[in-house]
Amino acid sequence: MIKKTARPPLSSDLCCIYKVSQRLRKENENAYTPRTVSIGPLHYGDENLKRMEEVKVRYLEQFLRHAAKTAKFNKLSHRGCQKAHQIWEYVDDRIRNDFSCLDEFLRILKSSEQKIRQSYAEDLSYLTSEKLLKIILVDAAFIIELFLRSHFHSKGDTILSTPFLRISVRMDLWLLENQVPFFVLEELYSAAFGSWGITIYPPSFLDLAREFFQNYNEQKRPTKIEIKHFTDLLRTFFLPITKAEEQSSKAGAPEVTCSDRILKTNFTGFLRYCGLLSKPVDQEQPSYYKRERSGEQLKSATQLHAAGVKFHTSSSKCLLDINFSNPKLEIPCLHLYDDTEAVFRNLMALEQYHYPAEALISDYVTLMDYLINTSEDAGLLVEKRIINNWLGSNEKVASLFNRLCTYIAKGFINQRFNRLIQELNAYYVKPWHGWKATFRRQYCSTPWKPASTTAAVILPVLTLVQTILTAVAL
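Residues numbered from 1 in each chain as written. Predicted model: local features only at pLDDT ≥ 70, side-chain atom pairs only at ≥ 80, totals over all residues. Heavy atoms only, no water.

**Q** Would you mind showing me how to read the overall build of the protein here?
**A** Of regular secondary structure, the protein possesses 21 helices and 7 strands. In the protein, buried positions account for 44% of the 474 residues. Within the protein, counting contacts between residues at least 6 apart in sequence, those at least 24 apart form 71% of the total. Carbon and sulfur atoms provide 54% of the accessible area of the protein, an area that totals close to 25900 Å². (Helix = DSSP H or I, 4+ residues; strand = E, 2+ residues; numbered from the N terminus. Buried < 20%, exposed > 50% of the residue type's maximum accessible area, 1.4 Å probe, protein only. Contact = heavy atoms within 4.5 Å. Areas by Shrake-Rupley, 256 points an atom, 1.4 Å probe, with all protein chains shown as cover.)

Given below as structure tokens:
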């Protein structure tokens with residue numbers, strides 16, 4: 001009889017895969033629930049997803065064949081007696097149902113079982129070791145094989161050749177509850193193809209993952225990043241690129257030495273380097289990664305616009321790169337598609353559980369929720385091309401942002417956004433800007449109000465002129 005494994009400690013540092021709370025789920029259950037394929041143990045056995053189980057098994061078999069073929073190729077190629085393509089054809093003719101790598105993969109998973117269990121916040125003690133490892137192996141092999149077929153543009157693939165199915169599976173793969181730990185995928189991929197002698201396969205599984213989800217990578221973020229799973233990967237795509245990442249992505253960039261930095265700084269910088277100044281003289285730039293208590297809400301887009309704030313589309317691809325330079329407010333363009341709500345909800349849920357001190361996506365959605373209270377606010381941002389609306393009406397845009405922040409922890413926001421809110425509100429409350437906003441709201445809020453206001457001003461003037469002319473005539 002197979003014994004169940006003891007429940008891992010809840011405080012594990014490896015924990016990164018969570019089941020969304022009922023409070024968040026009831027706002028939009030479909031946003032967190034896979035529709036086509038289950039990945040990992042949390043949705044395993046769902047009757048609505050069983051149809052894909054047979055497909056996943058076929059992918060597993062093909063993955064095992066590819067792994068066995070690669071192992072055989074490496075063994076023969078080390079002899080150096082044939083060219084690579086001849087060895088490959090020789091191996092291909094003789095390997096049909098070779099699943100010799102299966103035991104090795106199970107051994108790898110068995111050695112990481114505790115780490116796998118600790119990656120899930122839910123109690124998996126109801127799953128035996130054999131059952132859990134089977135689920136993880138089938139799902140991991142399915143993902144690796146799917147990514148490879150996508151990379152090599154395989155023709156006739158069940159999923160990739162059907163646009164609707166391809167999109168649906170890709171959406172399911174980044175749901176927070178539908179994950180396997182990324183280290184498992186990397187270890188199995190490396191074991192299967194890491195010893196490949198020629199550059200046919202991509203250098204890393206992270207390259208494959210980045211390529212498969214490239215539609216979400218507007219910034220073309222560098223590959224060298226550390227992630228927990230695919231939900232984490234999507235979140236990383238939205239984060240600002242650090243200077244270290246920019247430097248590491250530049251091939252052949254010269255290394256800046258201490259002496260170079262000293263020569264390029266002014267006298268203040270030299271004193272600071274020598275330890276004579278403990279803090280920079282200039283005020284430290286506000287950071288995305290420092291949180292402050294948020295004491296005020298931002299005025300809506302139409303209120304700010306009435307006060308004279310000029311809305312412009314930023315050229316930046318990072319949604320968080322919002323800047324205000326009196327009176328110009330630059331906001332990167334946001335494309336709203338049918339899956340945008342689900343993307344934001346899963347990323348925000350991940351932040352609530354795993355990144356409460358770095359909830360940058362939640363901060364962005366909160367900021368947009370401040371700006372968009374009504375369909376008029378949404379219409380203004382659509383008109384200024386800050387929002388590219390594929391949802392239909394402006395009412396849907398306003399409803400989306402008004403609902404997204406429900407049950408999301410508030411009270412703190414990143415330092416940079418907090419300063420932005422303070423600057424915009426300070427601009428709004430200046431007497432002249434406030435009067436201008438009040439005048440526009442009371443007298444110019446509809447097309448008819450300016451006409452009636454003008455008429456109300458002109459009529460007394462004309463009456464006065466008529467009176468004067470009458471008096472002169474007498």
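**Q** Explain the nonpolar core here, please?
**A** One recurring pattern in soluble globular proteins is that nonpolar side chains are buried together. Of all hydrophobic cores here, the largest spans 126 residues; its most connected members are Phe147, Phe213 and Phe230. Of the residues forming this core, the biggest block, 14 residues, is contributed by helix 6 (residues 129-151). Filtering out sequence-adjacent residues up to four positions away, Phe147 remains in contact with Leu173, Phe205, Leu208, Ala209, Phe212, Phe213 and Phe230. (Core = buried A, V, L, I, M, F, W, Y, C linked by side-chain atoms within 4.5 Å.)

**Q** I keep staring at the pattern of salt bridges and nothing clicks. Help me out?
**A** Opposite charge on two side chains allows them to pair when their charged atoms are near. Enumeration over the complete set of coordinates arrives at 17 salt bridges. Where salt bridges share partners, they join Lys19, Arg25 and Glu177 into one cluster. (Salt bridge = Lys/Arg side-chain N within 4 Å of Asp/Glu carboxyl O.)

**Q** Honestly, the packing of helix 15 (residues 340-354) against helix 18 (residues 394-404) in this entry has me stumped. Any pointers?
**A** Packing of helix 15 against helix 18 brings their axes to within 11 Å, and their N-to-C directions diverge by 15°. Between helix 15 and helix 18, the crossing angle belongs to the class labelled roughly parallel. For the pair helix 15 and helix 18, the crossing hand works out as right-handed. Two secondary-structure elements touch here, helix 15 through Glu341, Phe344, Arg345 and Met348 and helix 18 through Leu400, Arg403 and Leu404. The class makeup of the residues in the contact of helix 15 with helix 18 is 4 nonpolar, no polar and 3 charged. (Axes fitted to C-alpha atoms, helices over the stretch in contact; angles between N-to-C directions. Parallel < 35°, antiparallel > 145°, perpendicular 65-115°, else oblique. Left-handed = near helix turned anticlockwise from the far one by under 90°. Nonpolar A, V, L, I, M, F, W, Y, C, P; charged D, E, K, R; others polar.)

**Q** Help me out: how do you make sense of the pairing of strand 4 (residues 328-332) in this one?
**A** Both faces of the sheet carry side chains from a regular strand, because those side chains alternate between them. Pairing of strand 2 (residues 310-314) with strand 4 involves 5 bridges; the strand directions are parallel. Counterpart to Lys310 in the pairing with strand 4 is Lys328. Summarising the sheet, strand 3 (residues 323-325) and strand 4 pair through 3 bridges and their orientation is antiparallel. Each residue of the ladder has a partner; that of Phe324, found in strand 4, is Leu329. Between strand 3 and strand 4, which pair antiparallel in sequence order, lie 2 residues. (Pairing = 2+ DSSP bridges.)

**Q** What exactly am I supposed to notice about the layout of surface pockets here?
**A** Where empty space is left can be seen by rolling a probe of water-molecule size over the atoms. Size it by volume and the largest pocket reaches roughly 1200 Å³. Lining the largest pocket are 46 residues, and of these Tyr216, Tyr337, Asp339, Thr340 and Val343 sit closest to its centre. Looking at the lining of the largest pocket element by element, the count peaks at 7 residues for helix 7 (residues 163-173). Broken down by class, the residue content of the lining of the largest pocket amounts to 22 nonpolar, 13 polar and 11 charged. (1 Å grid on protein atoms, 1.4 Å probe; cavity = no way out; pocket = protein on both sides within 12 Å on 5 of 7 lines; lining within 4 Å. Points joined across faces, edges and corners; volume = space filled by probe spheres on them.)

**Q** Just checking my understanding: could you explain the sheet that holds strand 4 for this structure?
**A** Strands pair in a sheet through their backbones, by hydrogen bonds, and they do so in one of two ways: parallel or antiparallel. The sheet built from 3 strands is open, its strands ordered 2-4-3 with mixed pairing. For this open sheet the edge positions go to strand 2 and strand 3, each flanked by a neighbour on one side alone. Neighbouring strand axes in the sheet, compared pairwise and without regard to direction, differ in orientation by 25° on average.

**Q** Teacher, can you tell me more about the packing of aromatic side chains here?
**A** The description of an aromatic ring pair rests on the distance of the ring centres and on the angle between the ring planes. In total, this model carries 20 aromatic pairs according to the counting rule given. Measuring from ring centre to ring centre gives 5.6 Å for Phe182 and Phe205, while their planes differ by 45°; the resulting arrangement is tilted. Taken together, the positions of Phe182 in helix 8 (residues 182-193) and Phe205 in helix 9 (residues 205-212) put the pair 23 residues apart, joining distant regions of the chain. Of the two residues examined, Phe182 and Phe205, each falls in the buried class. (Phe/Tyr/Trp six-rings, centres within 6.5 Å; stacked < 30°, edge-to-face > 60°.)

**Q** When you look at the side chain of Asn346 in this model, what are you seeing that I'm missing?
**A** Mapped onto the elements of the fold, Asn346 is located in helix 15. Relative accessible area serves as the criterion here: at 1%, Asn346 is assigned to the buried category. When near neighbours in sequence (up to four residues on either side) are disregarded, Asn346 contacts Ala31, Tyr32, Trp174, Leu175, Leu176 and Thr231.

Remember, this is a structural readout, not a statement about activity or role.
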